[in-house]
Amino acid sequence: MDKANTEVIQIGGIDVEINRRDIKNIHLSVLPPNGKVRLSVPNKTSEQTIRLAIVNKLAWIKKQQVDFAKQERQSIREMVNGECHYLWGKKYRLAIKKPEGKFTVTAKGSGQLELKVNENTSPDNCLKLLNRFYRDEMQRSIEKLLPSWQKKLGVKADSLNIKKMKTKWGSCNIQAKRVWLNLELAKKPPECLEYILVHELIHLLERHHNERFKALMDKHMHNWRERRDLLNSLPLAYEDWQY
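Residues numbered from 1 in each chain as written. Predicted model: local features only at pLDDT ≥ 70, side-chain atom pairs only at ≥ 80, totals over all residues. Heavy atoms only, no water.

Colleague: If you had to explain the overall build of the protein to someone new, which residues and values would you point to?
Modeller: Counting its secondary structure elements, the protein contains 6 helices and 11 strands. For the protein, the spread of C-alpha atoms along the three principal axes comes to 65 × 45 × 30 Å. Here the protein, with 243 residues, has 44% of them falling under the buried criterion. Put simply, 46% of the contacts in the protein that link residues at least 6 apart link residues at least 24 apart. For the protein, the exposed area adds up to about 13,700 Å²; of that, 48% sits on carbon and sulfur atoms. In the protein, the 45 positive side-chain charges and the 29 negative ones have mean positions that sit 3 Å from each other. (Helix = DSSP H or I, 4+ residues; strand = E, 2+ residues; numbered from the N terminus. Buried < 20%, exposed > 50% of the residue type's maximum accessible area, 1.4 Å probe, protein only. Contact = heavy atoms within 4.5 Å. Areas by Shrake-Rupley, 256 points an atom, 1.4 Å probe, with all protein chains shown as cover. Lys, Arg positive; Asp, Glu negative; His and termini not counted. Charge placed at Lys NZ, Arg CZ, Asp CG, Glu CD.)

Colleague: Mind laying out the pattern of salt bridges, listing which residues take part and the relevant values?
Modeller: This model, assessed by the stated rule, comprises 15 salt bridges. Across the pair lysine 36 and glutamate 17 runs a salt bridge, and its minimum N-O distance is 2.9 Å. Of this pair, lysine 36 sits in strand 4 (residues 36-42) while glutamate 17 sits in strand 2 (residues 14-21), and the two are 19 residues apart along the sequence. Overall, the relative accessible area of 42% leaves lysine 36 in the partly exposed class. Given a relative accessible area of 14%, glutamate 17 falls into the buried group. Where glutamate 137 meets arginine 140, a salt bridge forms, and the shortest distance between an N and an O atom there is 2.9 Å. (Salt bridge = Lys/Arg side-chain N within 4 Å of Asp/Glu carboxyl O.)

Colleague: Kindly report on the packing of helix 4 (residues 190-202) against helix 6 (residues 224-233), identifying the contributing residues and their values.
Modeller: Where helix 4 contacts helix 6, the axes come no closer than 9 Å and their chain directions differ by 120°. Helix 6 is crossed by helix 4, and the crossing has left-handed handedness. Contact residues: helix 4 offers Glu191, Cys192, Glu194, Tyr195 and Ile196, while helix 6 offers Trp224, Arg227, Arg228, Leu230 and Leu231. Its residues assigned to classes, the contact of helix 4 with helix 6 shows 6 nonpolar, no polar and 4 charged. (Axes fitted to C-alpha atoms, helices over the stretch in contact; angles between N-to-C directions. Left-handed = near helix turned anticlockwise from the far one by under 90°. Nonpolar A, V, L, I, M, F, W, Y, C, P; charged D, E, K, R; others polar.)

Colleague: Tell me about helix 5 (residues 211-220), and please be specific about residues and values.
Modeller: Buried within helix 5 we find Phe213, Leu216, Met217 and His220. Projection of helix 5 onto a plane perpendicular to its axis shows the buried side chains occupying an angular sector of 100°, all on one side. Opposite its buried face, helix 5 presents the exposed residues Glu211 and Lys219, each directed more than 90 degrees away. In the core, the buried residues of helix 5 are packed alongside helix 3 (123-153), helix 4 and helix 6. (Arc of directions from axis to C-beta.)

Colleague: Just give me the short version of the sheet that holds strand 6 (residues 90-97), but keep the residues and values in it.
Modeller: With respect to topology, 4 strands assemble into an open sheet ordered 5-6-8-7, the strand pairing being mixed. Every interior strand has two partners, whereas the edge strands, strand 5 (84-87) and strand 7 (104-107), have only one. Between one strand axis and the next, the sheet turns through 35° on average, direction left out of account. Inspection of the sheet shows strand 6 paired to strand 8 (residues 112-116) by 5 bridges, in the parallel sense. Bridge pairing links lysine 97 to lysine 116 in strand 8. (Pairing = 2+ DSSP bridges.)

Colleague: So what's going on with the confidence of the model for the protein? Which residues, and what values?
Modeller: Per-residue pLDDT for the protein averages 89, and the proportion of residues at 70 or more is 91%. Across the protein, the secondary-structure element scoring lowest on mean pLDDT is helix 2 (residues 58-70), at 83, and the one scoring highest is helix 4, at 97. In this model residues 238-243 is a low-confidence stretch, pLDDT under 50, and it forms 36 contacts with partners more than four residues away in sequence or in other chains. (pLDDT = per-residue confidence, 0-100.)

Colleague: Explain the side chain of serine 171 residue by residue, including any values.
Modeller: With respect to the element layout, serine 171 can be found in strand 10 (residues 170-173). A relative accessible area of 19% places serine 171 in the buried class. With near-sequence residues (within four places) excluded, serine 171 lies in contact with Met165, Arg178, Val179, Trp180 and Glu200.

Colleague: Which residues make up the sheet that holds strand 3 (residues 27-31), and what are the values?
Modeller: The mixed open sheet is built from 4 strands, whose spatial order is 1-2-4-3. Edge positions in the sheet fall to strand 1 (5-11) and strand 3, since each of these pairs with one other strand and no more. Along the sheet, successive strands turn relative to each other by an average axial angle of 25°, direction set aside. This element, helix 1 (residues 47-55), spans strand 1, strand 2, strand 3 and strand 4 of the sheet and lies at about 55° to strand 1.

Written as structure tokens, this is what we have:
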């Protein structure tokens, strides 16, 4: 990863994190959950150029921040009967039942997410069990998608792992060829997981979100923008994620 020199400046009443990196172009991001503004710039970019880049985008930045503030969020997970949970974009109601053996989680066709645990199991342990279920679901989907996409793109990730991430749906360490995907994707429609997987694999061909990156996405997944917009329109988890 590129090392960055970081500072924070205020422009138009907005705090902007400036990251100076070994890059060629300026990249502006507004990040969840509170609309943090980050500007990545080439190492020798002047302060005047930085300020101009922000001023020219102030209206857009403020709109993104308002959109984040309005975006629907799930409530804190209490792990009680009837609580709403999602799996692959579908809504399920939690049904807690006594176990017949091992503790298990099962998605039922009736729209129930059946959680079999002892009566005195803590909400934290119930959530850990549910997250393990989500991880297994994602792993199975990735194992189906990964071989064909790696062959199509002509790339190979040395490792692909799942973890909880607060501000990203995925990440790619290009040097190590290591891809991480956000566990939260198990709750979103399957096409969202596939979009993020392809997005990160294409970073093995192009590091930056530049025109070449977009052209590669257009070539290999013509509807990636629709998938991205779908993903970012869905409710954020109570921990807050977005891409």
